[in-house]
Amino acid sequence: MVVDDHPMWREGVARDLTEAGYQVVATTGEGRQAVRVAPATRPDVVVLDLQLPDISGVEVLRGLLAELPRVRVLMLSASGEQQDVLDAVKAGATGYLLKSAGPAEFLEAVRRTAAGDAIFTPGLAGLVLGEYRRLAVTPAPAGDDLPRLTERETEVLRLVAKGMSYKQIAARLGLSHRTVQNHVQNTLGKLQLHNRVELTRYAIERGLDD
């Protein structure tokens, strides 16, 4: 689903997605309408503008996740302001991409968002990784309560926190794509988390992105 109040931009994004083989189940220029139609259209990924005429993109994001907890949301914005990015991430955005991104970068971001990767425009990733630890909603538990991860699991977790894809991690560590997936799934299970976004937040809160 594409949510943006500029018709030309909205139609252009929808066209690019369709031509790339995606099924666009809905388009709208209003936040409240997006929240209303999402349960019926059940999108896997929502491309969401931060600035909408009726309610903010962050409010829309919260409404979408309340209706569809497993939906993945790629926030698109002309703003790279720190607070805008952090507000979106804290509200549950899977990624945040500036509208200055080119078509190829945008489509790659959609693909990786659909796969569950945390995606950020280059430059914003460092901001999120550097600041989220201080602003994270969930406080870190006491050290004694931390699950025990293997050295390899910790190494993979550090690279996840840096925003690297499974393929990139596999190449960096000389592992197969499947082995990296297995390490991530094992870590998710030990930490009682559900997806890569939560795993990234966990790592950032504990300073593993340094």
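Residues numbered from 1 in each chain as written. Predicted model: local features only at pLDDT ≥ 70, side-chain atom pairs only at ≥ 80, totals over all residues. Heavy atoms only, no water.

In this section: the overall build of the chain. A count of helical and extended segments in the chain gives 10 helices and six strands. Burial status across the chain gives 49% buried among its 210 residues. In the chain, of all internal contacts separated by at least 6 residues, the share reaching a separation of at least 24 is 65%. Accessible area for the chain stands at about 10700 Å²; split by element, carbon and sulfur atoms hold 49% of it. (Helix = DSSP H or I, 4+ residues; strand = E, 2+ residues; numbered from the N terminus. Buried < 20%, exposed > 50% of the residue type's maximum accessible area, 1.4 Å probe, protein only. Contact = heavy atoms within 4.5 Å. Areas by Shrake-Rupley, 256 points an atom, 1.4 Å probe, with all protein chains shown as cover.)

Once that is clear, we can look at the side chain of Arg112. As for its position among the elements, Arg112 is in helix H5 (residues 103-114). Not counting residues within four places of it along the chain, the set of residues in contact with Arg112 comprises Asp117, Ile119, Gly163, Met164 and Ser165.

In space, the six strands of this open sheet follow the order E2-E1-E3-E4-E5-E6, with parallel pairing throughout. In this open sheet, the two strands that pair with only one neighbour each are strand E2 (27-28) and strand E6 (119-120). Pairing of strand E1 (residues 2-3) with strand E3 (residues 45-49) involves two bridges; the strand directions are parallel. By the bridge assignment for E3, Val2 is matched with Val47. Where helix H3 (residues 57-67) meets the sheet, its contacts fall on E3 and strand E4 (72-77), and the angle it forms with E3 comes to roughly 160°. (Pairing = 2+ DSSP bridges. Axes fitted to C-alpha atoms, helices over the stretch in contact; angles between N-to-C directions.)

Turning next to the environment of Leu61. On the secondary structure map, Leu61 appears in helix H3. On the basis of relative accessibility, which here comes to 0%, the residue Leu61 falls in the buried class. Between the C-alpha atoms of Leu61 and Ala91, which are 30 residues apart in sequence, the distance is 6.8 Å. When sequence neighbours within four positions are dropped, the list of residues in contact with Leu61 reads Leu48, Val73, Met75, Ala88, Ala91, Gly92 and Ala93.

Our focus in this paragraph is the pairing of strand E5 (residues 95-98). By the alternation rule, side chains of E5 split into Gly95 and Leu97 and Tyr96 and Leu98, which are all buried. When E4 meets E5, the two strands line up parallel, connected through four bridges. When the bridges of E5 are listed, Ser77 appears paired with Leu98. The handedness of the E5 to E6 crossover, carried by H5, is left-handed. (Right-handed = clockwise from strand over helix to strand, strands pointing away.)

Attention now goes to the pattern of salt bridges. With the rule as written, the count across this model stands at four salt bridges. Here Lys99 ties to Asp4 by a salt bridge, and the two come within 2.8 Å at their closest N and O atoms. You can see Lys99 sitting in the loop between E5 and H5 and its partner Asp4 sitting in the loop between E1 and helix H1 (7-19), a full 95 residues away along the chain. The network of salt bridges with shared partners includes Asp4, Asp49 and Lys99. (Salt bridge = Lys/Arg side-chain N within 4 Å of Asp/Glu carboxyl O.)

With five of its six residues buried, E4 lies for the most part within the structure. A crossover connection joins E3 to the parallel E4 through H3; in handedness this β-α-β unit is right-handed.

Time to look at the confidence of the model for the chain. Counting all residues, the mean pLDDT for the chain is 79, and 74% of those residues have values of 70 or more. Per-element confidence in the chain is highest for E1, whose mean pLDDT is 96, and lowest for helix H6 (residues 124-135), whose mean pLDDT is 48. Counting contacts from residues 131-146, a segment whose pLDDT is below 50, to residues more than four positions away or on other chains yields 26 contacts. (pLDDT = per-residue confidence, 0-100.)

Each α-helix turn comprises 3.6 residues. Residues three or four places apart therefore point the same way. Look at H5: 17 Å from first C-alpha to last across 12 residues, which is about the 16 Å you get at 1.5 Å a residue. Among the residues of H5, Phe106, Ala109, Val110, Arg112 and Thr113 are the ones counted as buried. Where H5 is buried, its residues touch H1, E3, E4, E5 and E6. Positioned one or two residues after H5, Gly116 has a phi angle of 95°, which is positive. (Expected span 1.5 Å × (residues − 1).)

Look at helix H7 (residues 151-161) against helix H8 (residues 166-173): their axes get within 10 Å of each other, and the N-to-C directions meet at 130°. Considered as vectors, H7 and H8 are oriented oblique to each other. Along this stretch, H7 crosses H8, giving a crossing that reads as right-handed. Only Ile169, Arg172 and Leu173 of H8 make contact with H7, whose side of the interface consists of Arg152, Glu155, Val156, Leu159 and Val160. Class assignment of the residues belonging to the contact of H7 with H8 gives a composition of five nonpolar, no polar and three charged. (Parallel < 35°, antiparallel > 145°, perpendicular 65-115°, else oblique. Left-handed = near helix turned anticlockwise from the far one by under 90°. Nonpolar A, V, L, I, M, F, W, Y, C, P; charged D, E, K, R; others polar.)

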